[in-house]
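Breakdown of the fold
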Amino acid sequence: MRRALPLLILLAPLLTLASPDAHAPAAAESGDSMILLLSVLGLISAAYLLTHFIVDRLQKWLLFVSGAEYILLGLVLSQSQVLGELSSLSSMIALAAGWIGLLYGMELDIRKMLSEIDYSTRMSVVDVLFTGGGVAVCGYLFFHHGLSLPADESALAGGVLGCTAAAGSSSAVDLLIERYRSAENGLLALLRRTAQLSDALAILAFGVLMCVFHQGETLTETPPAVSDWVLFTGLLGVGLGWLFAAFLGDDTSENSRFLALVGIIAFASGAAFFLNLSILTVNLLLGLVLINTRQGRDAHATLKNTARPLSLILLVCAGLLWAPVEPIPALIAAGGYLSLRMVFKALGCFIASIGTPLRRDLFRGLMAQGHVAVAIAVSLRLFYDGEAAELAYTAILVSVVVNELFASRLLKGLLVDAGDVRQDISLSREVV
């Protein structure tokens, strides 16, 4: 039953959203809708089983990380239109994004970080400034001057490209740790902490970006300023963190903690969604508060144990939200985004390593993109429309798939050159 739990969690929201009543108003069509529903659930189940029993082993053997199969599944579902309009997916997307935000917030144990000061902070800050800033500026120039799109729309899309370019992932690091246990406490540990902090900074930057380009009507005669929205975001996240710390209670049951976390995330994500603020940022700040409570470590463990099904939902939603775009601009946007991200990462890591014993080519271990980039992209599509947003969204999805496929190989090459990995282990022991 424990092994089936992730699948049940994944299917439950889709069962609700794919209700036959919502897509077959006439009773005569209910049979066809039920057949379509069962077909969709069969596709989801097959994708999960394929990933669990085949793709996971291929990842360890061939050194790649992939969520492309779930994004592709989302694309198939979107073409079938069995899950309805975007409005019917909002609650599921908000929950998945909130889960990711809370998880990454709880990864940032401030006390632990201060007690283990190393070069990761310097690396992440410089990397975010160069990679995020450089890609954002180039993105704005491409959308506004290259495609003659409105300035506000171009600035927003360029800013989102910058935030996702700055976001990293520890997926490649985790995969290499499974394969090379002896290298766990060396360069891999530094790269993991750098990626985690880069993710947090990218989420915070995206929260500010949503405040700058805030949408929606307000009840006040004078709309709040950008600084007011930033303050609301911070107060909402921190305030709910202190408020909900009591909801975790002293019960040591994992089921009780899980239910409490679901309620916390649902409320915080709903509040952020209602105010048109970043769901990711609010939950990140909430997680920063919760991790420093008595129950923080246990809650963090529960979040990590349930992160995989929610991440799969996020990837499926990413495919569902994709909209067709013009092929030539999309190809230029995706190719340029991939290239610029690598160039600016190389430049940022080189500058950050000056005056330190760090290698100048550490960017080779920081190319992975993962759930944070996807969550930021999904949040963009959830709140904003327009040609620039759709092109940026396409470029991000392509980049995430490509970088996740090759990041582990690049990281392995870095470890070999650094001397952390000298010989490969037997492949027969990995795939058995």
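It should be noted that the structure appears before, not after, this text.
In this text, all values refer to a predicted model and were calculated from it rather than measured experimentally. (Residues numbered from 1 in each chain as written. Predicted model: local features only at pLDDT ≥ 70, side-chain atom pairs only at ≥ 80, totals over all residues. Heavy atoms only, no water.)

Re the overall build of the protein
Worth spelling out the cut-off: Labels follow the DSSP assignment, with helices taken as runs of H or I lasting at least four residues and strands as runs of E lasting at least two, numbered in each case from the N terminus. Burial classification: accessible surface area is computed with a 1.4 Å probe over protein chains only, and a residue below 20% of its type maximum counts as buried, one above 50% as exposed, and the rest as partly exposed. Any two residues having at least one pair of non-hydrogen atoms within 4.5 Å are treated as being in contact. For the area figures, the Shrake-Rupley method with a 1.4 Å probe applies, and any residue is considered shielded solely by the protein chains shown.
When helices and strands are counted, the protein shows 19 helices and zero strands. The 432 residues of the protein split such that 52% are buried. Within the protein, counting contacts between residues at least 6 apart in sequence, those at least 24 apart form 83% of the total. Within the structure as shown, the protein displays about 19400 Å² of accessible surface, and the carbon and sulfur contribution to it stands at 65%.

Structural notes on the side chain of S120
Within the fold, S120 resides in helix 7 (residues 120–146). In this view, S120 contacts L190, R193 and T194; residues no more than four positions away in its chain are not counted.

Comments concerning helix 16 (residues 327–353)
In an α-helix, one turn spans 3.6 residues, which is why side chains three or four residues apart end up on the same side. This is how it is decided: Expected helix span is computed as 1.5 Å times (number of residues minus one).
With 27 residues, helix 16 should cover 39 Å at 1.5 Å per step; its first-to-last C-alpha distance of 39 Å lies within 8% of that length. Those residues of helix 16 not exposed but buried are P329, A330, A333, A334, Y337, R341, F344, K345, G348, C349, A352 and S353. Looking at the buried positions of helix 16, the neighbouring elements they touch are helix 7, helix 8 (151–166) and helix 18 (387–418). At the C-terminal side of helix 16, G355 shows a positive phi close to 80°.

Quick notes on the packing of helix 8 against helix 10 (residues 187–212)
Selection rule: All axes are obtained by fitting lines to C-alpha atoms, using only the stretch in contact for helices, and the reported angles, taken between N-to-C directions, cover 0 to 180 degrees. When an angle is under 35 degrees it counts as roughly parallel; over 145 it counts as roughly antiparallel; between 65 and 115 it counts as roughly perpendicular; any other value is oblique. For a crossing to be left-handed, the near helix must be turned anticlockwise from the far one by less than a right angle; the clockwise case is right-handed. Residues are grouped as follows: nonpolar covers Ala, Val, Leu, Ile, Met, Phe, Trp, Tyr, Cys and Pro; charged covers Asp, Glu, Lys and Arg; every other residue, Gly included, is treated as polar.
The geometry of helix 8 relative to helix 10 is characterised by a closest axis approach of 8 Å and an angle of 165° between their N-to-C directions. Comparing the axis directions of helix 8 and helix 10 gives the class roughly antiparallel. Handedness of the helix 8/helix 10 crossing: left-handed. For the pair helix 8 and helix 10, contact is made by L156, G159, V160, C163 and A166 and by S198, A202, A205, F206 and L209, respectively. A breakdown of the residues in the contact of helix 8 with helix 10 according to their chemical character gives eight nonpolar, two polar and no charged.

Notes on the pattern of salt bridges
Under the convention used in this document: A side-chain nitrogen of Lys or Arg and a carboxyl oxygen of Asp or Glu constitute a salt bridge if their distance falls within 4 Å.
Evaluated as defined, the whole model comprises five salt bridges. Notably, a salt bridge pairs D127 with K345, separated by 2.7 Å at the nearest N-O pair. In this pair, D127 is assigned in helix 7 and K345 in helix 16, connecting sequence segments 218 residues apart. In this pair, the class of D127 matches that of K345, namely buried.

A word on unusual backbone geometry
Across residues other than glycine, the phi torsion is negative in most instances, and most of the peptide bonds are trans. With phi around 55°, S148 is a residue other than glycine that occupies positive phi space. Summarising the element assignment, S148 is placed in the loop between helix 7 and helix 8. Judged by relative accessible area, S148 falls into the exposed class, the value being 61%. The phi dihedral of N276 falls on the positive side, at around 60°, and the residue is not glycine. Here N276 is to be found in the loop between helix 12 (254–274) and helix 13 (279–290). Owing to a relative accessible area of 21%, N276 belongs among the partly exposed residues under this scheme.

Quick look at the environment of P150
Assignment of secondary structure puts P150 in the loop between helix 7 and helix 8. The exposure class assigned to P150 is partly exposed, which follows from its relative accessible area of 47%. Separated by 238 residues in the primary sequence, P150 and A388 place their C-alpha atoms 8.8 Å from one another.

Quick word on the environment of D118
By the secondary structure assignment, D118 is in the loop between helix 6 (110–115) and helix 7. Measuring from C-alpha to C-alpha, the distance between D118 and L190 comes to 7.9 Å, with 72 residues separating the pair along the chain. When residues no more than four places from it in sequence are discounted, the contact partners of D118 are L190 and R193.

A short note on the environment of G263
As for its placement among the helices and strands, G263 is situated in helix 12. In this structure, the C-alpha to C-alpha distance between G263 and F247, residues 16 residues apart in sequence, is 9.2 Å.

Some points on helix 15 (residues 307–320)
With 14 residues, helix 15 extends 20 Å between its outermost C-alpha atoms, agreeing within 8% with the 20 Å of an ideal straight helix rising 1.5 Å per residue. Along helix 15, 13 of the 14 residues are buried, which leaves the element largely enclosed by surrounding structure.

So, the packing of helix 11 (residues 226–248) against helix 13
As a packed pair, helix 11 and helix 13 sit with axes 7 Å apart at the nearest point and diverge in direction by 45°. Classified by the angle their axes make, helix 11 and helix 13 are oblique. The two elements helix 11 and helix 13 meet at a crossing, and its hand is right-handed. On the side of helix 11, the interface is formed by T233, G234, L236, G237, V238, L240, G241, W242, F244, A245 and L248, while helix 13 contributes T281, V282, L285, L286, V289 and L290. Residue composition of the contact of helix 11 with helix 13, by class: 12 nonpolar, five polar and no charged.

Thoughts on a nonpolar patch on the surface
Note the cut-off: For patch detection, residues must exceed 30% relative accessible area and be free of salt bridges, and they are connected within 9 Å for like charges or within 5 Å for nonpolar side chains (Val, Leu, Ile, Met, Phe, Trp, Tyr).
A contiguous nonpolar surface patch, about 270 Å² in accessible area, is contributed by V208, V212, V226 and V230. Put simply, the parts of the chain that give the nonpolar patch at least two residues each are helix 10 and helix 11. Inspection of the secondary structure puts V212 in helix 10.

Some points on the packing of aromatic side chains
Put simply, the rule is: Classification of ring pairs rests on two measures: the distance between centres of Phe, Tyr or Trp rings, Trp counted by its six-membered ring, which must be within 6.5 Å, and the angle between planes, read as stacked under 30 degrees, edge-to-face over 60 and tilted in between. Think of it as a cone above the ring: NZ of Lys or CZ of Arg counts as a charge over the ring if it is within 6 Å of the ring centre and within 35 degrees of the ring normal.
Counted according to the given criterion, the structure contains five aromatic pairs. Look at W99 and F258: their rings are 5.9 Å apart centre to centre, the planes differ by 55°, and that puts the pair in the tilted class. Here W99, found in helix 5 (residues 90–107), pairs with F258, found in helix 12; they are 159 residues apart in sequence, far enough to count as distant. Judged by relative accessible area, which is 2%, W99 ranks as buried. Using a relative accessible area of 23% as the deciding quantity, one classes F258 as partly exposed. Centroid distance F273 to F383: 5.5 Å. Interplanar angle 50°. Geometry classified as tilted. Taken together, the residues span a long stretch of sequence, with F273 in helix 12 and F383 in helix 17 (residues 371–383) at a distance of 110 residues. By relative accessible area, F383 is classed as buried at 12%. The ring of Y393 carries R381 above its face, with NZ or CZ at 5.8 Å from the centroid.

Any functional reading would require information that these geometric values do not contain.
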